[in-house]
Amino acid sequence: MKRNVALVGAIVLTVALAGCGTGGKSDKPSESSAVSTELTDKPVKLKLSYASEQPITPLVEGFTKLHPNITFDLIETPFADYQTSLKLAMSSNDSPDIVQYSPAPMRSIVPAGLVLPLDDYAKAYGWRDQVSPSLLGILTSNKDATQYGSGSLYALPGAVQMVGVFYNKAVTKAAGITDEPKTLAEFEDDLATVKAKGVTPLAVPALATGGFQLWGALSNVMADPKVFSSWVYGEPGATLLNDPGFEKAAATVKKWADSGYMAKGVSAVADPDAITELTSGQRGYFLSGNWNAKELSEKLGDDLGFFPLPGQTAGQPAVATGSGFPYSISAKSKNKDVAAAFLNYIIGEKAAQGVYDGGFIPIQPIEGDPAKVKGEFVGAYKAVVAGGGISPFANWATSSIIDPLTAGIQGVISGNKTPRAFIESLQADWESKR
Amino acid sequence: MALLSLRAEGRTTKWRPATRSLSPRRYFGAIAFVAPALLIYLAFSIWPAFNTLYYSMLDWDGLNVAEWVGFENYAKVFTEPELFNSILHSLVLVFFFAVLPIAFGLLLAGLLMGSGTRGMSAFRVIYFLPQVIPLVAVGIAWRWLYAENGPLNEFLETIGLGALAAPWLAGTDTALIALGLVGTWGMSGLCMMLFVSGAQKIDSSLYEAAAMDGAGPIRRFVSVTLPGLRGEISIAAVITTIAALSSFDLVYVTTSGGPESATTVPGLLVYRLAFTYERIGHAAALAIVLTVLILIFVSVIRRLTKEKA
């Protein structure tokens, strides 16, 4: 029985490795330069491969409504499998026309020439003027995909995902907290107030990404966001070691752990556990992204609140970790002009309402209902775009940095690693990849 | 691949040479019958295995042009502390997945045999249940059991041992042991099943003879049952050791190798290297090393438990 499991495991492993191809070259399709913004009136079916159901559903439905001759063949793959299968999908002869862009696999897909650089379309449609530059950073890279933030544009975002603080209003009200905090010090006071009521204030799923995302959010407000983004984007010579803010952010995570603002066992708490902790009222706050908004608001309804992590002073420009839900065009697509027209639609005003109704933040800011959490997202996003901009996710910096990030912050929380050693281990991983 | 042949070795008694040669017609007939299974075996087991061996010599991200690096990837397996530690962790797991369950299994088998057959099938079902549940579900359930506010800690509080309560999977010194005990829980029933069924085929006259010589229940177990179970113990040791060394799913869903890399195992790192770090060659090299390690373990176990003719 168990032997069969091991056997199957071994076979799956070898087959999976074998399935990665035969270690050869991929044929690089020639890039045609003639681009057109005219949409055909012939029927076209676009094959679209993606990992997250939202916000793509309202986007394709909205586009087909405007252009009934364009329909979509949708292929959904769960996120973890999507990452690993994207390379195979893009190198196959039957490649999808449009794929959801994911920074990790694109590291090898972009150099293989399988993704269409969008610069000609960007010029023709004027895309760079319509989208906040902080959203395009990770979607722009050199041909080897070693440095981001400059070079060719490889994808356009259809909606924004952003990290901030979710809170359970029932818990905060019971503790006597009426306002959302305006500064980090006020937030720490609120955490202490909730703690004094006997409730552990913060849900931190440090088993996976939750621990280092807390560090990332604190770094946004304690360190220079420009240093951080240049580091993530791989600019030569970038370093986290000279700005004390990054170390201070890690020290703050440690301080919060020692003050009992998070549970002792956070290193074994997974994301679904943290969601349950917040919605059941065992925790007051949960730093996470709006990808969890649907599940949280289904359980908490109007008791769910959201604010971006406040700065050290009230006047500090708002910064939040985030990204778009980006989509790329396959270099092998036979319907590049149609696919580009779709990308042009998703960043535009016509798509905004559908994205907002789905609980996501549209690229073009619209008026939201501030009493609802999705309205708070839109408000927070506006403040961030007007302020310091969207800051990239730390785990994009290198393909292997997720492990020093996850294990490192677990070490900071347990006290086995100093904040300084944590920052140094991140820098060491970064430098080993340059 | 290699595991398949082990499997065959575990089941069949001895390879017997053909006593007479087949006529050409019958020969091709036999080939035709064997061919479908053989082709599938070659295509999905042998070929990928050799392919993995080939990949282990490459520096390759899975898509772009690969570079031949010879044994460089193997050198990394033995010099990078992270990879080496994962092998040590899996050796710790061997104790919890193999040694403890075999001891428990023998104990349970001894107890069940003594009490006759009443309620036997109920016990079998209960102890075998962990084998039926997918390991991913087992992992998630145990993550909850071990949680800071989970049932295990609540139980400790209730019986007045609250001071011992801890977030078991979050501590660097407890996580690996906690994981190992999940394996003990899962494997003990399997071992017991093997031993109970093995014990049934022991000639009952041996027990009578031993009893007449004045042997008590313990002496009968040690002198009659244990030697009679030699084959089953060997099989159980092989199965559970392979499960320990190649563990992946349990670790993946309960701790992901954390906290602070305290529970990384080779299987998990093969997955990470191949699919997160995009170092296919490196992952293949570690997979090959893991396979060789399993082969060594299994050969040693088979040798130790070999019946002296």
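None of these values were measured; they are calculated from a predicted model.

A. Representation of the overall build of chain A. Along its length, chain A carries 18 helices and eleven strands. Compactness check: chain A gives a C-alpha radius of gyration of 22 Å against a globular reference of 22 Å for 434 residues, within 12% of the reference. Viewed in the frame of its principal axes, chain A has a C-alpha envelope of about 65 × 50 × 50 Å. Buried residues in chain A amount to 53% of all 434 residues.

B. How the structure looks around the overall build of chain B. Across its full length, chain B holds 14 helices and two strands. When the backbone C-alpha atoms are referred to their principal axes, chain B occupies close to 75 × 75 × 30 Å. In chain B, buried positions account for 42% of the 309 residues. Of the contacts made within chain B by residues no fewer than 6 positions apart, 73% connect residues no fewer than 24 positions apart.

C. The arrangement of the packing of helix 8 (residues 175-200) of chain B against helix 11 (residues 230-245) of chain B in detail. All names here are of chain B. Contact geometry of helix 8 with helix 11 gives a least axis separation of 9 Å together with a crossing angle of 160°. Taken together, the axis directions place helix 8 and helix 11 in an arrangement best described as roughly antiparallel. Handedness of the crossing formed by helix 8 with helix 11: right-handed. Contacts between helix 8 and helix 11 involve Gly 183, Met 187, Cys 191, Leu 194, Phe 195 and Gly 198 on the former and, on the latter, Gly 231, Glu 232, Ile 235, Ala 236, Thr 240, Ala 243 and Ala 244.

D. Up close: the nonpolar core. Among the nonpolar cores identified, the biggest contains 210 residues, and A:Val253, A:Phe342 and B:Leu286 are the most heavily contacted of them. Looking at this core element by element, the count peaks at 14 residues for helix 8 of chain B. Apart from the residues within four sequence positions on either side, A:Phe342 is in contact with A:Leu46, A:Phe63 and A:Ile98.

E. Geometry of unusual backbone geometry. Backbone geometry places A:Ala145, a non-glycine residue, at a positive phi of 55°. Note that A:Ala145 resides in the loop between strand 4 (140-141) and strand 5 (152-153). If you check the backbone angles, B:Glu260 has positive phi at about 55° while not being a glycine. By the secondary structure assignment, B:Glu260 is in the loop between helix 12 (249-254) and helix 13 (266-276).

F. Broad picture of helix 8 of chain B. With 26 residues, helix 8 of chain B extends 38 Å between its outermost C-alpha atoms, agreeing within 8% with the 38 Å of an ideal straight helix rising 1.5 Å per residue. At B:Met187, helix 8 of chain B is bent by approximately 30°, the largest bend along its length.

G. Structural detail: the environment of A:Met262. Residue and element names in this part refer to chain A. Residue position: Met 262 is located in the loop between helix 11 (244-258) and helix 12 (271-279). On the basis of neighbour counts, which here come to 25 C-beta atoms within 10 Å, the residue Met 262 falls in the buried class. Here Met 262 is in contact with Thr 200, Leu 202, Val 204, Trp 256 and Ala 257, once residues within four sequence places are set aside.

H. View of the packing of helix 17 (residues 402-414) of chain A against helix 18 (residues 419-432) of chain A. All names here are of chain A. Packing of helix 17 against helix 18 leaves a shortest axis separation of 9 Å and a crossing angle of 170°. Judged on the interaxial angle alone, helix 18 and helix 17 are roughly antiparallel. Contacts from Pro 404, Leu 405, Gly 408, Ile 409, Gly 411 and Val 412 of helix 17 reach helix 18 at Pro 419, Phe 422, Ser 425, Leu 426 and Asp 429. Of the residues assigned to the contact of helix 17 with helix 18, the class counts are seven nonpolar, three polar and one charged.

I. Structural context of the pairing of strand 6 (residues 156-168) of chain A. Residues and elements named next belong to chain A. Extensive coverage of strand 6 is indicated by the burial of 13 of its 13 residues. Where strand 6 lies against strand 10 (residues 319-329), five bridges are found, and the strand directions are antiparallel. The partner of Met 162 across the bridge, within strand 10, is Gly 322. Both strand 6 and strand 8 (residues 285-289) contribute to a ladder of five bridges, which runs antiparallel. Residue pairing across strands places Val 163 opposite Gly 289, the latter belonging to strand 8. As paired strands, strand 6 and strand 9 (residues 304-307) are joined by four bridges and run antiparallel to one another. Bridge pairing links Val 165 to Phe 307 in strand 9.

J. Examining the pairing of strand 2 (residues 70-76) of chain A more closely. All names here are of chain A. In the sheet, strand 1 (residues 44-50) pairs with strand 2 via seven bridges, with the strands oriented parallel. Paired with Tyr 50 across the strands is Glu 76, a residue of strand 2. Crossover strand 1 to strand 2 through helix 2 (residues 53-66) is right-handed.

K. Representation of the confidence of the model for chain A within the structure. Residues and elements named next belong to chain A. Averaged over all residues, the pLDDT of chain A equals 87, while 92% of them reach at least 70. When the elements of chain A are averaged for pLDDT, helix 1 (residues 2-18) gives the smallest value, 42, and helix 11 the largest, 96. The model gives residues 1-32 a pLDDT under 50, and that stretch makes 58 contacts with residues more than four places away or in other chains.

L. Representation of the environment of A:Val99. Residues and elements named next belong to chain A. Take Val 99: it is sitting in strand 3 (residues 98-100). With 29 C-beta atoms counted inside 10 Å, the residue Val 99 sits in the buried group. Val 99 has contacts with Ser 49, Leu 86, Ala 89, Met 90, Tyr 327, Ser 328 and Ser 330, leaving out every residue within four places of it along the chain.

About the thresholds
- Residues numbered from 1 in each chain as written.
- Chains lettered and ligands numbered in written order.
- Predicted model: local features only at pLDDT ≥ 70, side-chain atom pairs only at ≥ 80, totals over all residues.
- Helix = DSSP H or I, 4+ residues; strand = E, 2+ residues; numbered from the N terminus.
- Rg over C-alpha atoms; globule rule 2.2 N^0.38 Å.
- Buried ≥ 20, exposed ≤ 12 C-beta atoms within 10 Å, placed from the backbone.
- Contact = placed C-beta atoms within 7 Å.
- Axes fitted to C-alpha atoms, helices over the stretch in contact; angles between N-to-C directions.
- Parallel < 35°, antiparallel > 145°, perpendicular 65-115°, else oblique.
- Left-handed = near helix turned anticlockwise from the far one by under 90°.
- Core = buried A, V, L, I, M, F, W, Y, C linked by C-beta atoms within 7 Å.
- Expected span 1.5 Å × (residues − 1).
- Bend = angle between axes of the 7 residues up to and from the residue.
- Nonpolar A, V, L, I, M, F, W, Y, C, P; charged D, E, K, R; others polar.
- Pairing = 2+ DSSP bridges.
- Right-handed = clockwise from strand over helix to strand, strands pointing away.
- pLDDT = per-residue confidence, 0-100.

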